[in-house]
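Residue strings, one per chain:
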Amino acid sequence: MDKTILREKVLEEIDRRANEIIEYATAIWKYPELGFKEFKTAELTEKKYEAAGWRYEKGIAITGSKAYLKGDGSGPSIGVVGELDALHIPVHPEAHPATGNVHACGHHSQMAAMLGAGYGLDAVKEQLDGEVVMVTVPAEEYIEIDYRNRLREEGKLEFFGGKQEFIRLGAMDDVDIVLGSHSAMDQEELIGVGGSNNGFVGKLVRYIGRESHAGGAPDKGINALNAAILGLMGIHANRETFRDQDTIRVHPIITKGGEIVNNVPADVRMESYVRGKTVEAVMDANRKVNNALRAGAMAVGAEVEIQDHPGYMPYTRDPNLEKVVIASCEGLVGKDQIKHREHSTGSTDMGDFSCIMPTSSIGMAGTEGAGHSRDLKVVDPVKQYIWPAKALAVTVVDLLADDAKEVKQVINGFKPTINRKEYTEFMKKMVL
Ligand SMILES: [Zn+2]
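Note that the structure is predicted; figures quoted are calculated from it, not measured.

We now examine unusual backbone geometry. Its identity as a non-glycine residue notwithstanding, E144 has a phi of 45°, on the positive side. Inspection of the secondary structure assignment puts E144 in the loop between β6 (131-137) and α5 (145-153). Judged by its relative accessible area of 27%, E144 falls in the partly exposed class. At A404, a residue that is not glycine, the phi angle is positive and equals roughly 55°. Its relative accessible area of 0% is what places A404 among the buried residues.

Structure (structure tokens):
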């Protein structure tokens, strides 16, 4: 069947189910959950899969799932990704009253775009020369590092990002290429394409001092909070050495500043990222940061434990896949509604996918306010949920129609930077 007819059918189906897609997004917005705890979001999504009659696997990396449109294992396979998790920003006016969580990064919109694309593609699946897999992944936000480290110690996970866990568990082994979407907070145009993202190393820091009476005997103590503050100052003193082209970002927080106010703090904990455009840049900055942290301890005679954990890989969109995405989206919305993006200093575990397989994701319009802030809100549900669903769906049609000619070219032209079988060992070694 002609591609144009397939595209029209897909778009008609998404329009027909637009209200249902928006309702689904709204339900997720109202029940935001943090990474590896997205049980209700997962349950709601799995109900949708059941209603659609799609075979699915659940409980991947705790809350993730994969749903197969055809389920017959034929042809190349395209994964359409939706991220399950939210953020913790209690000051957001629509934060969940009990948890303080909110979808201030718009991941609920990705879920809607993914499901909407699935609905559209379901109408033409017999005409597609390959498989479509809806991949719902937990924990894109690399937060609560201490909590996730405990899960790691209990053997429940190895990495702190959901997509990293998907790769480690072999859950991406039957997926050949990946398409995703993300809310773009400053985007006037309907669809954003291109761009890249920083990678990073995650960090847990513990300063160990000695407790004593803060008023009566501070001379008997070792102040771990002072050590931490000097460590932070040391990081600041290194910032002028970070080269502009490496786009380094270091942003520690203190998660524990002491025990009781009338004691000298003896146990102070911090979490941080060290981000950069390339692995080499991240490693160089990370060495300086660790030196600075150690210097803080040395200054007051405290001890410091620094744990580096694999963060996310820098994200590069596959150029061959990106060409198809751009052509498909231009065909859908017109050239003037496409924003060509540049490098972003934020990070995503789509970067990890992009190291092992052709990966691309589109930017979604329709929000107002800064991402990760109290101001972020969806102001145009059609722009935010429906257009991205359409963009993902027509791209899949273009990739999988005509004997999957386009997708085969993309797969053949791709050179992984990490072999997917070696990913886990590679990532573990990277931080040692
Ligand atoms: Zn996000």
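So that's the structure; there's more coming.
Moving on, we come to the packing of helix α1 (residues 3-16) against helix α11 (residues 381-413). Following both chains from N to C, one finds α1 and α11 inclined at 150°, their axes separated by 10 Å at the closest point. The angle between the axes of α1 and α11 places the two elements in the roughly antiparallel class. With respect to the hand of their crossing, α1 and α11 are arranged in right-handed fashion. In contact with K3, L6, R7, V10, L11, I14 and D15 of α1, α11 contributes I386, A389, K390, A393, V394, V397, D398, A401, D402 and E406. Classifying every residue of the contact of α1 with α11 by side-chain character gives ten nonpolar, no polar and seven charged.

So, about the nonpolar core. Side chains of nonpolar character tend, in soluble globular proteins, to be buried together. Counting residues in each nonpolar core, the largest one holds 58 residues, and the members touching the most others are L121, I191 and L399. If you tally residues by element for this core, the top one is α11, at 15 residues. Contacts of L121, omitting those with residues within four sequence positions, involve V10, L69, L128, V132, A393, V396 and V397. Counting residues in hydrophobic clusters, the runner-up holds 36 residues, among them A61, A139, A171 and V175.

Moving on, we get to the layout of surface pockets. Considered as a void within the structure, the second largest pocket measures approximately 320 Å³ in volume. Contributing elements (two or more residues each) for the lining of the second largest pocket: β9 (196-197), α8 (279-300), β15 (315-316) and α10 (350-356). In the lining of the second largest pocket, the residues fall into ten nonpolar, seven polar and five charged. Built from parts of two domains, the lining of the second largest pocket gets at least three residues from each of domain 1 (3-197 + 314-430) and domain 2 (199-310).

Taking strand neighbours across the sheet as the criterion, the three strands line up as β15-β9-β17 in an open arrangement whose pairing is mixed. Because the sheet does not close on itself, it has two edges, and the strands there are β15 and β17 (343-344). In terms of strand pairing, β9 meets β17 through two bridges, oriented parallel. Note that in β17 the partner of N197 across the bridge is S344.

Throughout the structure, instances matching the rule amount to ten aromatic pairs. Summarising the aromatic geometry, the rings of Y49 and W54 are spaced 6.0 Å apart at their centres and angled 50° between planes, so their arrangement reads as tilted. On the accessibility criterion, Y49 (0% relative accessible area) is buried. Taking 4.0 Å as the distance between ring centres and 5° as the angle between the ring planes, the aromatic pair formed by F200 and Y273 counts as stacked. Here F200 is found in strand β10 (residues 199-208), whereas its partner Y273 is found in strand β13 (residues 267-276), with 73 residues between them in sequence. Taking relative accessible area as the criterion, Y273 reaches 11% and is therefore assigned buried. Aromatic rings pair up to connect Y142, F160, F200, Y273 and Y312 into one cluster. One residue, R17, lies across the ring of Y119, its end atom 3.5 Å from the ring centre. Across from the ring centre of W387, 4.8 Å away, lies the NZ or CZ of K390, which sits over that ring.

Once that is clear, we can look at the pattern of salt bridges. Taken as a whole and judged by the stated rule, the model has 28 salt bridges. K390 is the partner of D15 in a salt bridge, and the nearest nitrogen-oxygen pair spans 2.8 Å. Here K390 lies in helix α11 and D15 lies in helix α1, a separation of 375 residues in the sequence. Under the relative-accessibility criterion, K390 is labelled buried at 9%. Each member of the salt-bridge network shares a partner with another, and the members are R206, K256, E259, D267, R269 and E305.

Splitting the chain by domain gives domain 1 (3-197 + 314-430) and domain 2 (199-310). Spacing between the C-alpha centres of domain 1 and domain 2 amounts to 34 Å. Counting residues at the interface gives 18 residues for domain 1, matched by 18 residues for domain 2. For the pair domain 1 and domain 2, the summed buried area comes to about 1600 Å², and 62% of that belongs to carbon and sulfur atoms. Counting across the domain 1 and domain 2 interface gives zero salt bridges. Remark: the boundary between domain 1 and domain 2 carries seven residue pairs in polar contact (both at pLDDT 80 or more). Where the side of domain 1 that touches domain 2 is concerned, the elements lending two or more residues are α5 and α12 (423-430).

Reading the values: the criteria
- Residues numbered from 1 in each chain as written.
- Predicted model: local features only at pLDDT ≥ 70, side-chain atom pairs only at ≥ 80, totals over all residues.
- Heavy atoms only, no water.
- Helix = DSSP H or I, 4+ residues; strand = E, 2+ residues; numbered from the N terminus.
- Buried < 20%, exposed > 50% of the residue type's maximum accessible area, 1.4 Å probe, protein only.
- Axes fitted to C-alpha atoms, helices over the stretch in contact; angles between N-to-C directions.
- Parallel < 35°, antiparallel > 145°, perpendicular 65-115°, else oblique.
- Left-handed = near helix turned anticlockwise from the far one by under 90°.
- Contact = heavy atoms within 4.5 Å.
- Nonpolar A, V, L, I, M, F, W, Y, C, P; charged D, E, K, R; others polar.
- Core = buried A, V, L, I, M, F, W, Y, C linked by side-chain atoms within 4.5 Å.
- 1 Å grid on protein atoms, 1.4 Å probe; cavity = no way out; pocket = protein on both sides within 12 Å on 5 of 7 lines; lining within 4 Å.
- Points joined across faces, edges and corners; volume = space filled by probe spheres on them.
- Domains from an automatic or database assignment.
- Pairing = 2+ DSSP bridges.
- Phe/Tyr/Trp six-rings, centres within 6.5 Å; stacked < 30°, edge-to-face > 60°.
- Lys NZ or Arg CZ within 6 Å of the ring centre and 35° of its normal.
- Salt bridge = Lys/Arg side-chain N within 4 Å of Asp/Glu carboxyl O.
- Buried area = accessible area lost by both parts, 1.4 Å probe.
- Polar contact = N/O pair within 3.5 Å; in protein donor to acceptor, adjacent residues only side chain to side chain.

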